[in-house]
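Each chain, letter by letter, is given below.
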Amino acid sequence: MSATLSFTAPTEHGPQDVTLAYARVGTGEPLLLLHGIGHHRQAWDPVVDILATEREVIAVDLPGFGESAPLASGLPHDLPTTGAVLAAFCAGLDLDRPHVAGNSLGGLLALELGRTRLARSVTALSPAGFWTRAERRWAFGVLQGMRRTARSLPLPLVERLSRTALGRTALTSTIYARPGRRSPGAVVAETLALAHAEGFAQTLRAGRSVLFTHDVPGIPVTVAWGSRDRLLLPRQGVRAKRVVPEARLVRLPGCGHVPMNDDPALVARVLLDGSRPQEASAASTSFSTVGL
């Protein structure tokens, strides 16, 4: 069910009024889903129905993305501020330390919520923040190119391209390993979401100095990486494992940077398994970590 929540977040820059759009479905322990830069909460649609059989799923549009308003003028879209906004969002929905899963930027935010004890478990899919300087420049350059393309294409052309597998590949192959599987409507919607993302430039600017260097002790942490991730290269998962040594490092064979559409069953299994007690998770999982 789609809704919006308006609340006041106590950030480092003082109290801030924020409105975020979200969808909430399912029953069970709460699982908060965080998308990547330039995307929107619908990125999780391929796995939501599976997750909702065992979890209460809350997929949120981050500030300045999807249907959520950007932060107030002059307020940085950085890790501490966005983390404070998400903490206040959870409080507003009476979510007491939900499980948190995120992709790319969302994976970084999930790890930060885990580090600050605001999550009961974390599953990070190709999280940002484990790059070298050269890898970050590559990723940011690709993202800026995707943004320019999305903003330059007329809507009728996007709609026409989305109707064929070749066109969907041209529009989305940077983030999907199997772009032909994405529905035409979803491709149009996410192209528009990228073109209209008011928080894109500020979020990218704040990310230039970001490195995640903290351990996340005391809670189950899973870091998963698509073997065909072209944006944040899979070797970054090995660095993440060094930073968070107790994390379970999972390889997603045949998946790209946004793996939920490439292999929904596998990704849903990883998310559900990552949000179970650590002992049960270890006993029930045999994912490969080879090749990262």
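Structure shown above.
Bear in mind the structure is a predicted one, so any value in this text is a computation, not a measurement.

K.L.:
Would you explain the overall build of the protein in this entry?
P.N.:
Per the secondary structure count, the protein includes 12 helices and eight strands. Computed over the C-alpha atoms, the radius of gyration of the protein is 18 Å, within 12% of the 19 Å expected from 2.2 N^0.38 for a compact globule of 292 residues. With the C-alpha coordinates of the protein rotated into their principal frame, the extents come out at 50 × 45 × 40 Å. Counting only residues that meet the buried cut, the protein has 56% of its 292 residues in that class. Once local pairs closer than 6 in sequence are excluded, the contacts in the protein between residues at least 24 apart make up 71%. Working note: accessible area of the protein is about 12100 Å², and carbon and sulfur atoms make up 54% of it. In the protein, 31 positive and 24 negative side-chain charges are present, and the distance between their average locations comes to 10 Å.

K.L.:
Help me understand the packing of aromatic side chains, please; the structure alone is not making it clear to me.
P.N.:
Where two aromatic rings form a pair, the distance of their centres and the angle of their planes describe that pair. Scanning the model with the defined rule gives four aromatic pairs in all. Both rings, one in Phe 7 and one in Phe 89, keep their centres 6.3 Å apart while their planes meet at 55°; by these two values the pair is tilted. With Phe 7 in strand 1 (residues 2–11) and Phe 89 in helix 2 (residues 79–92), the pair connects residues that are 82 residues apart, well separated along the chain. The residues Phe 7 and Phe 89 share a single accessibility class, namely buried. Counting every residue linked through ring pairs, the aromatic cluster contains Phe 7, Tyr 22 and Phe 89.

K.L.:
Quick question: what am I supposed to make of the packing of helix 5 (residues 155–162) against helix 6 (residues 165–172) here?
P.N.:
A packed helix pair is summarised by two numbers, namely the angle formed by the two axes and the spacing between the axes. Across the interface, helix 5 lies against helix 6 with an axial gap of 6 Å and an inter-helix angle of 120°. Between helix 5 and helix 6, the interaxial angle falls into the category oblique. Contact residues: Val 158, Leu 161 and Ser 162 in helix 5; Gly 167, Arg 168 and Leu 171 in helix 6. Class assignment for the residues of the contact of helix 5 with helix 6 results in three nonpolar, two polar and one charged.

K.L.:
When you look at the pattern of salt bridges in this model, what are you seeing that I'm missing?
P.N.:
Pairs can form between side chains of opposite charge whenever their charged atoms are close. On inspection of all chains with the given rule, the structure shows 11 salt bridges. Residues Glu 56 and Arg 24 are paired through a salt bridge, measuring 2.7 Å at the closest nitrogen-oxygen approach. Taken as a pair, Glu 56 in strand 4 (residues 55–60) and Arg 24 in strand 2 (residues 14–25) lie far apart in primary sequence, 32 residues in all. Residue class for Arg 24 comes out partly exposed when judged on its relative accessible area of 26%. A single salt-bridge network, built from bridges that share partners, covers Glu 54, Arg 248, Asp 273 and Arg 276.

K.L.:
Help me understand the pairing of strand 8 (residues 248–252) in this model?
P.N.:
Within a regular beta strand, the side chains point alternately toward one face of the sheet and then the other, so they alternate between its two faces. The buried fraction of strand 8 is high, at four of five residues. Sheet topology places strand 7 (residues 221–226) next to strand 8; five bridges connect them, and they run parallel. Bridging across to strand 8, Gly 226 finds its partner in Leu 252. This β-α-β element, strand 7 to helix 9 (residues 236–243) to strand 8, shows right-handed connectivity.

Rules used in this analysis
- Each chain has its residues counted from 1, following the order in which its sequence is written.
- Totals for whole chains, interfaces and linings use every residue, but because this is a predicted model, local features are given only for residues with pLDDT of at least 70 and side-chain atom pairs only at 80 or more, for both listing and counting.
- With hydrogens and water excluded, all non-hydrogen atoms of the structure serve as input to the side-chain values.
- Only DSSP runs of H or I covering at least 4 residues are called helices, and only runs of E covering at least 2 are called strands; the numbering of each starts at the N terminus.
- Only C-alpha atoms enter the radius of gyration; for comparison, a globular chain is expected to reach 2.2 Å times N to the power 0.38, where N is the number of residues.
- Buried residues are those whose accessible area, probed at 1.4 Å on protein chains only, stays under 20% of the maximum for their type, while exposed residues exceed 50% and partly exposed ones sit between those limits.
- Here, two residues are considered to be in contact whenever any of their heavy atoms come within 4.5 Å of each other.
- Only the protein chains shown count as covering a residue, and every accessible area follows the Shrake-Rupley method with a 1.4 Å probe.
- When charges are counted, neither His nor the chain ends are considered; positive counts come from Lys and Arg and negative counts from Asp and Glu.
- Taken as the charge centre is NZ of Lys, CZ of Arg, CG of Asp or CD of Glu, depending on the residue.
- To pair, rings of Phe, Tyr and Trp, with the six-membered ring standing in for Trp, must have centres within 6.5 Å; the planes then decide the type, stacked if under 30 degrees apart, edge-to-face if over 60, and tilted in the middle.
- With axes taken as lines fitted to C-alpha atoms, and helix axes fitted only over the stretch in contact, angles between N-to-C directions fall between 0 and 180 degrees.
- Any angle from 65 to 115 degrees is called roughly perpendicular, while one under 35 is roughly parallel, one over 145 is roughly antiparallel, and all others are oblique.
- When residue character is reported, Ala, Val, Leu, Ile, Met, Phe, Trp, Tyr, Cys and Pro are called nonpolar, Asp, Glu, Lys and Arg charged, and the others, Gly included, polar.
- For this document, the term salt bridge refers to a Lys or Arg side-chain nitrogen within 4 Å of an Asp or Glu carboxyl oxygen.
- In this description, strands pair whenever DSSP reports at least two bridges between them.
- A crossover gets the label right-handed when its path from the first strand over the helix to the second runs clockwise, viewed with the strands pointing away from the viewer.

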